[in-house]
Amino acid sequence: MDNELHRQDSSKVYDYTEVTGDGYPGDQQSLRLRRVPSQVSNQNYHQFNWSSSPAEQDEEGSSGPTRDLRSVPMHMALKRAVRQVQQMQVPVVSSVESWKRRKTKSLRKLKHSARGFLYFFTLWRKYLQKIGGNFGGGVQSYFLFLRFLVVLNFVSFLLIAGFVLIPSIIFRSVGTSLVNITGPEECMDYDPNPQGLVVFYNYFLDLLSGTGFMEYSYLFYGYYNNTMVEDKNFSYNIPLAYLFTAVFYFAFCLICIIARMGTAARVAVATGGSAVGNYSMIVFTGWDYGCLGDRATKLKQKNIHYQLQVDLEEESIKKRAAALTLGQKIVLYSLRVFMGFVALGLIIAAFYGIFEATTFSQERSREEGILGLIFEYLPSIVITAGNFVVPLLCDQIALIERYSPSTTVIIALLRAVFLRLVSLGVLLFTLWRQITCEGDTDSKECSLCHYNHKVYQCWETRVGQEMYKLTLFDLLINIAVLVLVEFPRRMVVDNWSNKVAQWFGRQEFVVSSNVLGLVYGQTVVWTGALFCPLLPLINTLKFFILFYCKKITLFYNCRPALKTFRSTTSTFFFLVVLLFGWGLATIVMVYSLSEIRPSMGCGPFRIYPSMWQIVPKFFSSLSNITQEFLFFIGSQAFSIPLFALSCVVMCYFIALASVYGKSVAQLRAQLKLEGRDKQFLVKQIEQLSRQLQMPKQYAGAQD
């Protein structure tokens, strides 16, 4: 009897039925497919033509769409067998087609080999994998950002060394240097070399402050001459190379930042900035099948665990925010506005302190010894103290504002970057104000040389020294905090069971403040690169040491963060903040090139009224054909069509992005519908299983 009932049920044929949105929540309609059991049982398996080669399958594409072997729903053993059969077949093709196939295959192998070779030599690859597994993608994004800056600074140094440093060393005794014979003699006085014997500890002070033997070296602007080498077959202009290298250095950094921003933006767009899209990427594409060994597998599992934890926290915060009443929302937004004004007041107070410290430091710059070193480092000390205290207070304010973890990181970044970059701007504004006599070049101090020569005999070197001191002081502070604060705190927390020590606990690795330190350091380098050409090399060494310092403090002194955040959106904002720093440094460079009179006693531009004046002079020395070509490029006949073509290309890419966005939205909607279809099918299977169990129970009761 049971067999008869089973045969009756199995012989039923389920037709296609259309279920509208009334069946379950949702306005969109979905087609429910019931499988017909009476059909051949092997129809669920893909019927693959074993005797046909891939080329023949492409030619037979008229019968249906061609499918790649990887997309065919077959198990792996069967796919391997099909692959072996295809490789055993020798298709009859022409020699040209055979050459094309061999060429494509060879290029593909070369590409994979080069990628594997570069991956093997990737900087800090194992360390980054370990960091991502133990502390999540958010902390790992900081170290990836640090590695990007190390490579960027090192390549920038190679650029500067190839076009400025090495030619200056080679041509210093060979070329001819032009002397300024039209300027006043007082403006050309510049002798930084100390006279007589020098006490030994002064060398250490000079190393820290960039003065003495450090000042008159290839490290700073003032040591470079306006050397010109001219021969029948070769000519090299050091001032022109100095200027063009600085401009190209900024352009190269911008291109690298935009390229990396594009990569980060593609990941953010692919996930849609939501937990659902990120969850799908983690589930379907998150696992790395190249993981070998238990250690790598566990690290990858921990990394995926942290990413899923971020998504759950984001969704729980969104649910709590959606459950707030109108009165609670008004109180929350009012509290956020008030705390925003409090944070702004703290930042303004820090700006005022930096302004006063810089003014006092420049007035006491003639002091010698330890006291003079303290006065020289006073702006750096005040900037570092402000950048340490104010962000801590802003972090406590952010806890009161109750944003989501990712939004908290972004807001903390914006506040801290405003503090740091504008504090650097206040320092530079104070220096320019004193160099240009508060903008009045006709005053008594600036009327003779068009800049304050009595205080700044070589003002470019003085600005470079300030940037050098900021870079060096930032590194020393990081090392001092690691040795004197972070290690003692960990030892006290681990070995002392006092409630106060346990309340403090081990520190968390705050990504926002650490990223901001990198952005600040890179902005200082960009600002001082025109006046201190070797600053990118110094910053490369600084970031290299900083990586190991941060890695040590992360693994030995820090605990995993209680609140994680999404690394996809944060990585993009890290680069946006870095772009702000690049913009500030670009403004400083443009103002220095065009507005301020170069020092008459030092540097490659001593004979020009402005640094940019060398470009028109060089342009006038070109041939007539070259001048006409450059005039044509700068004319309206070339610029207007170029602008129109750029607009057309931009519109095309905007339209393409819109189409891709609609396609992504449709695919997401389709995924949702497929998920609902699967839920519906599961319910139908449950009902059918209950219907099959009821006759069995009834038959058992009769027996």
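Right, let's walk through the structure included here. Bear in mind that the values here come from a model prediction, so they are computed numbers and not experimental data.

Here the focus is the pattern of salt bridges. Side chains bearing opposite charge may pair, as long as their charged atoms lie close to each other. Tallying each qualifying case throughout the model produces two salt bridges. Across the salt bridge formed by Glu 466 and Lys 469, the nearest N and O atoms sit 3.3 Å from each other. With Glu 466 and Lys 469 both in helix H14 (residues 459-495), this residue pair falls three residues apart, about one helical turn. The class for Glu 466 is buried, based on a relative accessible area of 3%. Overall, the relative accessible area of 3% leaves Lys 469 in the buried class. Lys 542 serves as the salt-bridge partner of Asp 474, at 2.7 Å between the closest nitrogen and oxygen. In this pair, Asp 474 sits in helix H14 while Lys 542 sits in helix H17 (residues 535-557), placing the two residues 68 residues apart along the sequence.

The next thing to look at is the packing of helix H16 (residues 511-528) against H17. It is the contact of H16 with H17, at a shortest axis distance of 10 Å, that shows an interaxial angle of 165°. Accordingly, the angle class assigned to the pair H16 and H17 is roughly antiparallel. Two packed elements cross with a definite hand, and for H16 against H17 that hand is right-handed. Touching Asn 514, Leu 518, Gly 521, Gln 522, Val 524, Val 525 and Gly 528 of H16 are Leu 535, Pro 536, Asn 539, Lys 542, Phe 543, Leu 546 and Lys 550, all from H17.

Time to look at the nonpolar core. Tyr 142, Phe 143, Phe 145, Trp 432, Trp 459 and Trp 526 are the most contacted members of the largest nonpolar core, which has 113 residues in total. Leaving out residues up to four positions away in the same chain, Phe 145 has contacts with Val 515, Leu 518, Val 519, Phe 574, Leu 575 and Leu 578.

Time to look at a nonpolar patch on the surface. A cluster of nonpolar side chains, namely Val 337, Phe 341, Leu 344, Ile 348 and Phe 418, defines an oily patch on the protein surface of about 490 Å² accessible area. Sort the elements by how many residues they give to the nonpolar patch and helix H10 (residues 326-363) lands first, with four residues.

Further remarks concern empty space enclosed by the protein. One pass over the full model with this rule turns up four cavities of 30 Å³ or more. Taken as a whole, the largest cavity spans an internal volume of roughly 80 Å³. Ile 160, Val 164, Tyr 242, Thr 245, Ala 246, Tyr 249, Ala 529, Leu 530 and Pro 533 together form the lining of the largest cavity. For the lining of the largest cavity, the secondary-structure elements that each account for two or more residues are helix H5 (125-171) and helix H7 (238-271). For the lining of the largest cavity, the element with the most residues is H7, which contributes four residues. Its residues assigned to classes, the lining of the largest cavity comprises eight nonpolar, one polar and no charged.

Parameters at a glance
Residues numbered from 1 in each chain as written. Predicted model: local features only at pLDDT ≥ 70, side-chain atom pairs only at ≥ 80, totals over all residues. Heavy atoms only, no water. Salt bridge = Lys/Arg side-chain N within 4 Å of Asp/Glu carboxyl O. Helix = DSSP H or I, 4+ residues; strand = E, 2+ residues; numbered from the N terminus. Buried < 20%, exposed > 50% of the residue type's maximum accessible area, 1.4 Å probe, protein only. Axes fitted to C-alpha atoms, helices over the stretch in contact; angles between N-to-C directions. Parallel < 35°, antiparallel > 145°, perpendicular 65-115°, else oblique. Left-handed = near helix turned anticlockwise from the far one by under 90°. Contact = heavy atoms within 4.5 Å. Core = buried A, V, L, I, M, F, W, Y, C linked by side-chain atoms within 4.5 Å. Patch = residues over 30% accessible without salt bridge, like charges linked within 9 Å, V, L, I, M, F, W, Y side chains within 5 Å. Areas by Shrake-Rupley, 256 points an atom, 1.4 Å probe, with all protein chains shown as cover. 1 Å grid on protein atoms, 1.4 Å probe; cavity = no way out; pocket = protein on both sides within 12 Å on 5 of 7 lines; lining within 4 Å. Points joined across faces, edges and corners; volume = space filled by probe spheres on them. Nonpolar A, V, L, I, M, F, W, Y, C, P; charged D, E, K, R; others polar.

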